[in-house]
Amino acid sequence: MCVQSSRLPISRRAAIAAVALLAAGSQMPATAQQNAGSRAPNPTKPFVESAVATFDSPWALAFLPDGRMLVTEKAGRLFLVTQSGAKRQVDGVPQVANVGQNGLLDVAVSPQFDRDRSVYLTYAEPGTQGSGLALALARLGENSGRVGLDSLRVIWRQLPKGSGGQPGGIIAFSPDGRHLFLTSGDRMRPATAQDPDQALGKVLRLNLDGSVPNDNPLASQGGVRAQTWTTGHRNPYGLAFAPDGRLWLHEMGPLGGDELNLIRPGLNYGWPLVSNGDNYDGTPIPNHSTRPEFEAPRIYWNPVIAPAGLAFYAGQAFPDFNGSALIGGLRAQALVRIAFDDDGRAREADRWDMGHRIRDVAVARDGAIWLLEDSNEARLLRLTPRSRP
Ligand SMILES: [Ca+2]
């Protein structure tokens, strides 16, 4: 339960609980949405922070099996980084459109990296008519003199290219290592998220080589429809599989409408027809509850946290966190922990004030939590338990 309520006298807590029950009533659906937006940070942190390296507007980090990391910088640089902070720049990164929210985005390590040394990158690919999200596959070549991307090829690209931020671009692999999931933002063209023929505002499911799995919901229809797993997203900067095999996504909503969504194939998550937030000009958007045919978020944030990065915790360092989701907050300048009850329902369990915008989250094999800040002198942070050396 939240720390704030536990500090209240028991009688006051009971009164609050009673009011909450009355407000909930008996009509609350099983997938009740919770607003976690106004939750205050915890007063203490269970971890200590070590700054390991700094980067210029980093965007994503991913661990290699040997514990080293790949870190992207939005301007188009990729680094191989040791856990002690030694950095080597990786050559062979394709040209990116580093404009506004676009640039070099996610990096992901192949589920079979030990065999294929493959890595995946997403980025805004420049063109004559704006840019388009691209997914590239390359082999990480390494010798004493050089580390670089070899045999790079684009295995998926968003067409036509166009203007706008909100690129999405997050990669996740299915637990069996056979499929790649990719988030695509709406590029600030909201209607595209409901257009089945535009690869914007979607989650896509591809084979590891970029081809279309024949068991996708609309596989027989070809084109973007065949690639589409879910529809109706705005700007998803978090996508990850939980230990129980369920796929979770968070997306930045408009004013007051950030969402944590449970992703299931073929569903429509409503953007821009419904949202628990409003447009930035103050005009209202119908709430999710008005259109039950659209899948509602399991948690929403109003005010927003601006979620970025999503990782499920597994490890010995923070045993209480096992099975939890960790989310970075850009606007909230926080690390957020989402816990799941035995029925799989999600709730925000912790929020720790980091004092900086947090861009990405990852968990190392030893259970340490790694964060990337978001700025032009952003720190790569390692979090370890406060009670241990
Ligand atoms: Ca939604």
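Look a little higher up for the structure.
Here is what the cut-offs are and how they apply
- Residues numbered from 1 in each chain as written.
- Predicted model: local features only at pLDDT ≥ 70, side-chain atom pairs only at ≥ 80, totals over all residues.
- Heavy atoms only, no water.
- Donors = N, O, S within 2.8 Å, 3.2 Å for Na, K, Ca; no water.
- Helix = DSSP H or I, 4+ residues; strand = E, 2+ residues; numbered from the N terminus.
- Buried < 20%, exposed > 50% of the residue type's maximum accessible area, 1.4 Å probe, protein only.
- Pairing = 2+ DSSP bridges.
- Axes fitted to C-alpha atoms, helices over the stretch in contact; angles between N-to-C directions.
- Salt bridge = Lys/Arg side-chain N within 4 Å of Asp/Glu carboxyl O.
- Polar contact = N/O pair within 3.5 Å; in protein donor to acceptor, adjacent residues only side chain to side chain.
- Contact = heavy atoms within 4.5 Å.

Caption draft 1: Layout of the coordination of the calcium ion. Binding of the calcium ion to the protein goes through Glu 259 (OE), Glu 259 (OE), Tyr 269 (O) and His 288 (NE2), at separations of 2.4 to 2.5 Å. One chain supplies every donor to the calcium ion, and in sequence these donors are spaced E-x9-Y-x18-H. Note that Tyr 269 is positioned in the loop between strand S17 (258–263) and strand S18 (299–301) and His 288 in the loop between S17 and S18, a separation of 19 residues in sequence. His 288 sits in the buried class, given a relative accessible area of 2%.

Caption draft 2: Region of the structure containing the sheet that holds strand S10 (residues 146–157). If you trace the four strands from one edge of the open sheet to the other, you get S7-S8-S9-S10, paired in antiparallel fashion. Taken across any chain shown, the strands that pair with only one partner, and hence form the sheet edges, are strand S7 (104–109) and S10. This sheet shows a mean twist of 30 degrees between the axes of neighbouring strands, independent of strand direction.

Caption draft 3: Fine view of unusual backbone geometry. The linkage connecting Leu 159 with the following residue, Pro 160, adopts the cis geometry, with an omega of -5 degrees. Structurally, Pro 160 can be placed in the loop between S10 and strand S11 (168–173). Cis geometry is found at the peptide bond from Asn 302 to Pro 303, where omega equals 5 degrees. Inspection of the secondary structure assignment puts Pro 303 in the loop between S18 and strand S19 (307–312). With phi around 55 degrees, Ala 306 is a residue other than glycine that occupies positive phi space.

Caption draft 4: The pattern of salt bridges, seen in detail. What the rule picks out here adds up to 26 salt bridges. Note that Asp 150 and Arg 146 form a salt bridge whose closest N and O atoms lie 2.9 Å from each other. Judged by its relative accessible area of 25%, Asp 150 is partly exposed. Judged by its relative accessible area of 29%, Arg 146 is partly exposed. Its salt-bridge partner being Arg 379, residue Glu 373 comes within 2.7 Å of it at the nearest N-O pair. Relative accessible area serves as the criterion here: at 25%, Arg 379 is assigned to the partly exposed category. Ionic contacts of the salt-bridge type, sharing partners, join the residues Asp 66, Arg 68, Arg 88, Arg 117 and Glu 142 into one network.

Caption draft 5: The arrangement of the sheet that holds strand S14 (residues 228–231) in detail. The antiparallel open sheet is built from four strands, whose spatial order is S11-S12-S13-S14. Since the sheet does not close on itself, it has two edges, and those belong to S11 and S14, each with one partner. When strand polarity is set aside, the average angle formed by the axes of neighbouring strands in this sheet is 20 degrees. Of the pairings in the sheet, the one linking strand S13 (residues 202–207) to S14 comprises three bridges and is antiparallel in character.

Caption draft 6: Structural detail: the side chain of Asp 374. Inspection of the secondary structure puts Asp 374 in the loop between strand S24 (369–373) and strand S25 (378–385). Among the polar contacts made by the side chain of Asp 374, one reaches the side chain of Arg 359 at a distance of 3.0 Å. Setting aside its immediate chain neighbours within four residues, Asp 374 contacts Pro 58, Leu 330, Arg 357 and Arg 359.

On their own, these measurements won't tell you what the molecule is for.
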